[in-house]
Amino acid sequence: MNRNPLIPFLLIAVLGIGAMFLVSFKGLGDAKDLAAEQEGGGEEQTEEVAANPEDIYKQTCIGCHGDQYQGGVGPALTGVGDRYSQDEIADIVVNGKGSMPPGLVPQEKAGEMAEWLAGLK
């Protein structure tokens, strides 16, 4: 009694194709939920705003300007108050400048952040 050696391979192929269809149908069912979540229609999203300028710096600026304000990808921030006025600093932190992207600091925190940055020595 000889068994056909192709049967195990055929069984694996059929099970694999069946699993692929099962996963595809599951994905189709979740597609509407994922789309609504990406558009913000899912759960209410709240973004926490840091309480003080140093926390904002640690959250959004430290990667480019360094942990000691020494610069890196972005320029050094020590002595920035000597180069720019507080209004100019506030404009830069909200709207960006050069390679710095806009929107890293909320508009309502811009004045407080500019005052803190101008005081760095």
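Residues numbered from 1 in each chain as written. Predicted model: local features only at pLDDT ≥ 70, side-chain atom pairs only at ≥ 80, totals over all residues. Heavy atoms only, no water.

1. Digging into unusual backbone geometry
For step 1, the next point in the chain: In this structure, Tyr69 takes a positive phi of about 65 degrees despite not being glycine.
For step 2, the next point in the chain: Among the structural elements, Tyr69 can be located in the loop between helix 2 (53–65) and helix 3 (80–83). (Helix = DSSP H or I, 4+ residues; strand = E, 2+ residues; numbered from the N terminus.)

2. A closer look at the UniProt feature "transmembrane region" (unreviewed entry) in the chain
For step 1, the next point in the chain: Look at the UniProt record and you will see "transmembrane region" (unreviewed entry) annotated at residues 6–25.
For step 2, the next point in the chain: Measuring from the first to the last C-alpha atom of residues 6–25 gives 29 Å, for a span that is 95% helix and 0% strand. (UniProt positions renumbered as here; feature names shortened; annotations may be inferred.)

3. Quick look at the packing of aromatic side chains
For step 1, the next point in the chain: Counted according to the given criterion, the structure contains three aromatic pairs.
For step 2, the next point in the chain: Centroid distance Tyr69 to Trp116: 5.7 Å. Interplanar angle 80 degrees. Geometry classified as edge-to-face. Within this pair, whereas Tyr69 is found in the loop between helix 2 and helix 3, its partner Trp116 is found in helix 5 (residues 110–118), the two being separated by 47 residues in sequence.
For step 3, the next point in the chain: Here a set of aromatic residues connected by ring pairs shows up, and it is made of Tyr57, Tyr69 and Trp116. (Phe/Tyr/Trp six-rings, centres within 6.5 Å; stacked < 30°, edge-to-face > 60°.)

4. Some points on a nonpolar patch on the surface
For step 1, the next point in the chain: Together, Ile17, Met20, Phe21, Phe25 and Leu28 line one region of the surface with nonpolar side chains, adding up to about 580 Å² of accessible area.
For step 2, the next point in the chain: By the element assignment, Ile17 lies in helix 1 (residues 7–38). (Patch = residues over 30% accessible without salt bridge, like charges linked within 9 Å, V, L, I, M, F, W, Y side chains within 5 Å. Areas by Shrake-Rupley, 256 points an atom, 1.4 Å probe, with all protein chains shown as cover. Salt bridge = Lys/Arg side-chain N within 4 Å of Asp/Glu carboxyl O.)

5. Re the packing of helix 4 (residues 86–95) against helix 5
For step 1, the next point in the chain: Relative orientation of the contacting elements helix 4 and helix 5 amounts to 120 degrees, with a least axis distance of 8 Å. Judged on the interaxial angle alone, helix 5 and helix 4 are oblique. The two elements helix 4 and helix 5 meet at a crossing, and its hand is right-handed. The segment helix 4 lies against helix 5, with Gln86, Ile89, Ala90, Val93 and Val94 engaging Ala110, Met113, Ala114, Glu115, Leu117 and Ala118.
For step 2, the next point in the chain: In the contact of helix 4 with helix 5, the residues fall into nine nonpolar, one polar and one charged. (Axes fitted to C-alpha atoms, helices over the stretch in contact; angles between N-to-C directions. Parallel < 35°, antiparallel > 145°, perpendicular 65-115°, else oblique. Left-handed = near helix turned anticlockwise from the far one by under 90°. Contact = heavy atoms within 4.5 Å. Nonpolar A, V, L, I, M, F, W, Y, C, P; charged D, E, K, R; others polar.)

6. Thoughts on the packing of helix 2 against helix 5
For step 1, the next point in the chain: At a minimum axis separation of 9 Å, helix 2 and helix 5 run at an interaxial angle of 90 degrees. In terms of orientation, helix 2 lies roughly perpendicular with respect to helix 5. Contact residues: helix 2 offers Pro53, Glu54, Ile56, Tyr57 and Cys61, while helix 5 offers Glu112, Met113 and Trp116.
For step 2, the next point in the chain: Here the contact of helix 2 with helix 5 is composed, by residue class, of six nonpolar, no polar and two charged.

7. A look at the UniProt feature "binding site: heme c" (unreviewed entry) in the chain
For step 1, the next point in the chain: Under the feature "binding site: heme c" (unreviewed entry), the UniProt entry names Cys61, Cys64, His65 and Met100. With the annotated positions falling across 40 residues, the maximum pairwise C-alpha distance of 10.5 Å places them together in a single cluster. Of the annotated residues named above, the ones that line the largest pocket are Cys61, Cys64, His65 and Met100.
For step 2, the next point in the chain: Within the fold, Cys61 resides in helix 2.
For step 3, the next point in the chain: For Cys61, a relative accessible area of 10% puts it in the buried group.
For step 4, the next point in the chain: Residue position: Cys64 is located in helix 2. (1 Å grid on protein atoms, 1.4 Å probe; cavity = no way out; pocket = protein on both sides within 12 Å on 5 of 7 lines; lining within 4 Å. Buried < 20%, exposed > 50% of the residue type's maximum accessible area, 1.4 Å probe, protein only.)

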